[in-house]
Amino acid sequence: PPAKGAQFNGKFKLVAQSDNTEEVMKFQGAPWLAIKAMKHAPKSKTLTIEDDVVTNDLCAAGVLHVIMKCPVVPSENARQHGIEKGVPNRMMGRDMVASCWWEGDNLVVFNHEPKTGMDMVFTHSLSEDAGTMTCTIRIVRGDEFKEGQETFKRV
């Protein structure tokens, strides 16, 4: 049977970010260099989905390089699974664990920082023609959170 998110399969390139991207990155504690890189070279961020494996490739102006390969897990207890058995990755110079799951028609990419307990939740939804992907970013630190948005086009 085709993968649950077959319509997501392919490569998407970042084309736009919400005006508060810098504020959201500061809130998550991203280093100044990373914030600067994302402001000047956001177009080098791609997300590839193939056979229920999500590859997030973020290479901003050579300053920052994250390649994260993450299999999609069942959504029951997915957050807990992500914290306990997530794919280890370094993001913005920090140690994180990542996990992905389907939530209805949306793809959720979840990044957790064990040291601080911070959660980064990226919820991706597709346009009707499946050519545009919108990503809502929610950064949660304790009782506080900030939200931003990114737009990707299929390439």
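In the block above lies the structure referred to throughout.
Residues numbered from 1 in each chain as written. Predicted model: local features only at pLDDT ≥ 70, side-chain atom pairs only at ≥ 80, totals over all residues. Heavy atoms only, no water.

1. Remarks on the nonpolar core
Counted only if it meets this: The set of buried Ala, Val, Leu, Ile, Met, Phe, Trp, Tyr and Cys residues whose side-chain atoms join them within 4.5 Å is what this entry labels a nonpolar core. When accessible area is computed with a 1.4 Å probe and restricted to protein chains, residues below 20% of their type maximum are described as buried, those above 50% as exposed, and intermediate ones as partly exposed. Pairs of residues are marked as contacts when any of their non-hydrogen atoms sit within 4.5 Å.
Of all hydrophobic cores here, the largest spans 31 residues; its most connected members are Val54 and Leu107. Setting aside residues no more than four positions away along its own chain, Val54 makes contact with Leu47, Thr48, Ile49, Met68, Lys69, Cys70, Val72, Cys100, Leu107 and Val109. The next biggest cluster of nonpolar side chains, apart from the first, holds five residues, and it includes Val73, Ala78, Trp101 and Val108.

2. Thoughts on the pattern of salt bridges
Note the cut-off: For salt bridges, the criterion is a side-chain nitrogen of Lys or Arg within 4 Å of an Asp or Glu carboxyl oxygen. Where helices and strands are cited, they refer to DSSP runs of H or I of at least four residues and of E of at least two residues respectively, numbered from the N terminus.
Summed over all chains, the structure comprises six salt bridges. Of the charged contacts in the structure, one is a salt bridge between Lys26 and Glu22, with a shortest N-O distance of 3.3 Å. Separated by four residues within a single helix, Lys26 and Glu22 lie in helix α1 (residues 21-27), roughly one turn from each other. Overall, Lys26 belongs to the exposed group, its relative accessible area being 53%. The shortest N-O distance in the salt bridge between Arg79 and Asp119 comes to 2.7 Å. Of this pair, Arg79 sits in helix α3 (residues 78-85) while Asp119 sits in strand β8 (residues 118-126), placing them 40 residues apart in sequence. Residue classification places Arg79 among the partly exposed residues on the basis of a relative accessible area of 40%. Accessibility expressed as a relative area gives 8% for Asp119, which makes it buried.

3. Observations concerning the environment of Met25
Its location among the elements puts Met25 in helix α1. The exposure class of Met25 is buried, given its relative accessible area of 6%. Along the sequence, Met25 and Ile139 sit 114 residues apart, while their C-alpha atoms lie 8.9 Å from each other.

4. Remarks on unusual backbone geometry
Within the chain, Asn77 stands out as a residue other than glycine whose phi angle is a positive 55°. With respect to the secondary-structure elements, Asn77 resides in the loop between β4 (64-73) and α3.

5. Side note on the side chain of Glu113
We apply this condition: Under this definition, polar contacts are N or O atom pairs within 3.5 Å; protein pairs additionally need one hydrogen-donor-capable and one acceptor-capable atom, and for neighbouring residues in sequence, both atoms have to be side-chain atoms.
Examined against the element boundaries, Glu113 turns out to sit in strand β7 (residues 106-113). A polar contact of 2.6 Å, which involves the side chain of Glu113, links it to the side chain of Arg94. Each residue touching Glu113, except ones within four places of it in the same chain, is listed here: Arg94, Asp95, Met96 and Met118.

6. Observations concerning the state of the cysteines
Applicable threshold: The disulfide criterion is simple: two cysteine sulfur atoms within 2.5 Å.
If you walk through the whole model with that rule in mind, you get zero disulfides. Free cysteine: Cys100, not disulfide-bonded; nearest cysteine sulfur from Cys70 at 3.6 Å. Using a relative accessible area of 0% as the deciding quantity, one classes Cys100 as buried.

7. Overview of the packing of aromatic side chains
Applicable threshold: Only rings of Phe, Tyr and Trp enter the pairing, Trp through its six-membered ring, and a pair is recorded when the two centres are within 6.5 Å. The plane angle decides the type: under 30 degrees is stacked, over 60 is edge-to-face, the rest tilted. Criterion for a charge above a ring: Lys NZ or Arg CZ within 6 Å of the ring centre, and within 35 degrees of the ring normal.
Scanning all chains against the criterion turns up two aromatic pairs. Arranged with centres 5.3 Å apart and planes meeting at 45°, the rings of Phe8 and Trp102 form a pair that is tilted. With Phe8 in the segment before β1 (10-17) and Trp102 in strand β6 (residues 94-103), this pair connects stretches of sequence that are 94 residues apart. Note on accessibility: Phe8 and Trp102 belong to one class, buried. Aromatic pair Trp101 and Phe110: ring centres 5.6 Å apart, planes at 45°, arrangement tilted. For the pair Trp101 and Phe110, one class covers both residues: buried. Above the plane of the ring of Phe27 lies Arg141, whose end atom (NZ or CZ) is 5.9 Å from the centre. The residue whose ring lies beneath Lys146 is Phe27, and the NZ or CZ to ring-centre distance is 5.4 Å.

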